[in-house]
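# Structural description and commentary
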Amino acid sequence: MESLNNKTADELDALANGIIGAIFFQRELFGKDIFSRSILGGKNRVKLNSALFEVWVSQAYVLSEQEKKRLIYQREALISDYRLLLNNPDFTRAVATSTSGKAAVKLRFEGIINIINKFKNDNKDIS
């Protein structure tokens, strides 16, 4: 947060646009279940989860357009892996109840980064 004080207006605009772009990308990837455990189906209602928001936006922000296309192209497989992760009791605790501890932050970032890396680095032809 301190580094934001040293940014120019143009740098802040670029940062804001990047964050907004990451959010739109997540909407394209997850639809109405954006930043929510409702993607699991069942009785889960669509409810914004700030821990999922934090990790997904920060990781989507740094993706290239080509990497985003790879994730979208493999959307169903990615969502399948994401559902498995959300069904992991340790991961669920890291995004639902014990969200602020260092171990929880590390666990949720590692889980999402692993999923993203699996699909962003796939060399399938998506042209």
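Counting from 1, residues in each chain are numbered in the order their sequence is written. Under the rules for a predicted model, residues below a pLDDT of 70 receive no local features and side-chain atom pairs below 80 are neither given nor counted, while totals for whole chains, interfaces and linings still include all residues. Only hydrogens and water are set aside; all other atoms, that is, all heavy atoms of the structure, feed into the side-chain values.

## Quick notes on the side chain of Arg-108
Looking at the secondary structure, you find Arg-108 in helix H6 (residues 102-120). On the basis of relative accessibility, which here comes to 3%, the residue Arg-108 falls in the buried class. We define a polar contact as two N or O atoms separated by no more than 3.5 Å, with the added condition that, inside protein, one atom must be a possible hydrogen donor and the other a possible acceptor, whereas residues neighbouring each other in sequence contribute only through side-chain atom pairs. Among the polar contacts made by the side chain of Arg-108, one reaches the side chain of Glu-54 at a distance of 2.9 Å. We call two residues in contact whenever any of their non-hydrogen atoms come within 4.5 Å of each other. Ignoring anything within four residues of it in the chain, the contact list for Arg-108 reads Ala-51, Glu-54, Val-55, Phe-91, Ala-94, Val-95 and Thr-99. Under the DSSP-based scheme used, a helix requires at least four consecutive residues in state H or I and a strand at least two consecutive residues in state E, with every element numbered from the N terminus. The rule is simple: take the accessible area with a 1.4 Å probe, protein chains only, and divide by the maximum for that residue type; under 20% is buried, over 50% is exposed, in between is partly exposed.

## Structural notes on the pattern of salt bridges
Here, a salt bridge means any Lys or Arg side-chain nitrogen found within 4 Å of an Asp or Glu carboxyl oxygen. Under the definition given, this model contains 8 salt bridges. Residue Arg-75 is joined to Glu-76 by a salt bridge in which the shortest nitrogen-to-oxygen separation is 2.8 Å. Overall, Arg-75 belongs to the partly exposed group, its relative accessible area being 25%. Residue Lys-118 pairs with Asp-81 through a salt bridge whose shortest N-O separation is 2.7 Å. On the criterion of sequence distance, the pair formed by Lys-118 in helix H6 and Asp-81 in helix H4 (residues 75-86) is long-range, its members being 37 residues apart. Look at Lys-118 and you get partly exposed, because its relative accessible area is 49%.

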